[in-house]
Amino acid sequence: MTPAAPSPTQPVTLPQRRRFSLAEYHQLMELGILTEADRVELIHGDLMQMVAKGTAHASCNTRLLRALIPLVGDRAIVRSQEPLSLSTPTPKGSTVPNAESEPEPDCALVRPQADAYSTAHPTAEAVLLVIEIAQSSLEYDRTVKLALYAAAGLPDYWLFNLPERRLETYADPYVTPQGTWTYRRRQTYPAPAIVPLPGDLALDLDLGQVFPPAL
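This is a predicted model, so every value here is computed, not measured.

(A) Quick look at the sheet that holds strand β6 (residues 107-110). If you trace the 6 strands from one edge of the open sheet to the other, you get β3-β6-β7-β8-β9-β10, paired in mixed fashion. Edge strands, defined here as strands with exactly one partner in the open sheet, are β3 (77-79) and β10 (181-190). Neighbour to neighbour, the strand axes of the sheet diverge by 20° on average, direction disregarded. Contacts between helix α2 (residues 55-72) and the sheet are confined to β3, β6, β7 (127-134) and β8 (156-161), with β7 contributing the most and set at about 155° to the helix.

(B) How the structure looks around the nonpolar core. Residues Leu109, Phe160, Leu197 and Leu205 are the most contacted members of the largest nonpolar core, which totals 28 residues. Of all the secondary-structure elements, those providing two or more residues to this core are α2, β6, β7 and β8. For this core, the element with the most residues is α2, which contributes 6 residues. Residues Ala108, Val110, Leu154 and Tyr170 belong to the second largest nonpolar core, which totals 24 residues.

(C) Layout of the packing of aromatic side chains. In the structure shown here, the tally under the stated rule is 4 aromatic pairs. When the centroid spacing of 6.4 Å and the interplanar angle of 50° are considered together, the rings of Tyr170 and Tyr183 count as tilted. Of this pair, Tyr170 sits in strand β9 (residues 166-175) while Tyr183 sits in strand β10; the two residues are 13 residues apart in sequence, bridging distant segments of the chain. Feature note: the residues Tyr149, Tyr157, Tyr170 and Tyr183 constitute an aromatic cluster, connected by ring pairs. Seen from the ring of Tyr174, Arg184 lies directly overhead, with NZ or CZ sitting 4.2 Å from the centre.

(D) Representation of α2 in the model. Compared with an ideal rise of 1.5 Å per residue, which puts 18 residues at 26 Å, α2 spans 26 Å between its outermost C-alpha atoms and is within 8% of the ideal. Within α2, the full set of buried residues consists of His57, Cys60, Asn61, Leu64, Leu65, Ala67, Leu68 and Val72. Its buried side turned inward, α2 meets β3, β6, β7, β8 and β12 (204-206). Looking one or two places after α2, you find Gly73, whose phi comes out positive at around 55°.

(E) Layout of unusual backbone geometry. Cis geometry marks the peptide bond from Ala191 to Pro192, where omega comes out at 0°. Within the secondary structure layout, Pro192 lies in the loop between β10 and β11 (194-196). Of note, the phi angle at Gln81 is positive, near 55°, even though the residue is not glycine. Within the element layout of this structure, Gln81 appears in the loop between β3 and β4 (86-87). In this structure, Ala116 is a non-glycine residue whose phi angle is positive, near 55°. Residue placement: Ala116 occurs in the loop between β6 and β7. Note on Ala116: relative accessible area 44%, which makes it partly exposed.

(F) Quick look at the pattern of salt bridges. Counted by the stated rule, this structure contains 7 salt bridges. Linking Glu164 and Arg166 is a salt bridge whose minimum nitrogen-to-oxygen distance equals 2.9 Å. On the basis of relative accessible area, Arg166 is assigned to the partly exposed category, the value being 23%. The partner of Arg186 in a salt bridge is Glu168, and the shortest N-O contact between them spans 3.6 Å. Placement of the pair is Arg186 in strand β10 and Glu168 in strand β9, with a sequence separation of 18 residues. Given a relative accessible area of 45%, Arg186 falls into the partly exposed group. Connected via shared salt-bridge partners are Arg142, Glu164, Arg166, Glu168 and Arg186.

Rules used throughout
Residues numbered from 1 in each chain as written. Predicted model: local features only at pLDDT ≥ 70, side-chain atom pairs only at ≥ 80, totals over all residues. Heavy atoms only, no water. Pairing = 2+ DSSP bridges. Helix = DSSP H or I, 4+ residues; strand = E, 2+ residues; numbered from the N terminus. Axes fitted to C-alpha atoms, helices over the stretch in contact; angles between N-to-C directions. Contact = heavy atoms within 4.5 Å. Core = buried A, V, L, I, M, F, W, Y, C linked by side-chain atoms within 4.5 Å. Buried < 20%, exposed > 50% of the residue type's maximum accessible area, 1.4 Å probe, protein only. Phe/Tyr/Trp six-rings, centres within 6.5 Å; stacked < 30°, edge-to-face > 60°. Lys NZ or Arg CZ within 6 Å of the ring centre and 35° of its normal. Expected span 1.5 Å × (residues − 1). Salt bridge = Lys/Arg side-chain N within 4 Å of Asp/Glu carboxyl O.

Listed below in structure tokens is the structure:
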């Protein structure tokens, strides 16, 4: 038997997307509903599964930390795969939702703080440079993560492109007339190259120390 079509006056209920605030996200962790083993991060209010890291990704991240920590000294705190608490305001016409995020980038340089952020994660105002390392996640890091960091007002975003062995640098966040957040300036540096760190750090990073040896 063919089921009867719904009455024109019968309301149709559709599933609703459930976004989480930072406070709710933290509560899920405090209650043990989410643990470190879940490997998730909060992106625009959505819980996103983080991509597993291959050996080249892990090696590059290790090499990056070994190069950055002695290089920056006490000028900045180097954080690796630790949360940043971000809010992304929505300008008129923007396609980016007005929701909170807590990504865990592969690396971030943040302003020095005496307690090393023991009571709260760094916010956008504290971030000097955010860095992702991409192997299988290249398109995601060039789109979703890039738009997130731009919308949060992070001044500089670096993307270590492992398949092409080059660094992509993005600077000067802005929103397009179509409402998409991005960066005005983009440069690429093949490995090996010497790249200046952004802002007032006035330091140079040798990419030859960061990229794993070519196979």
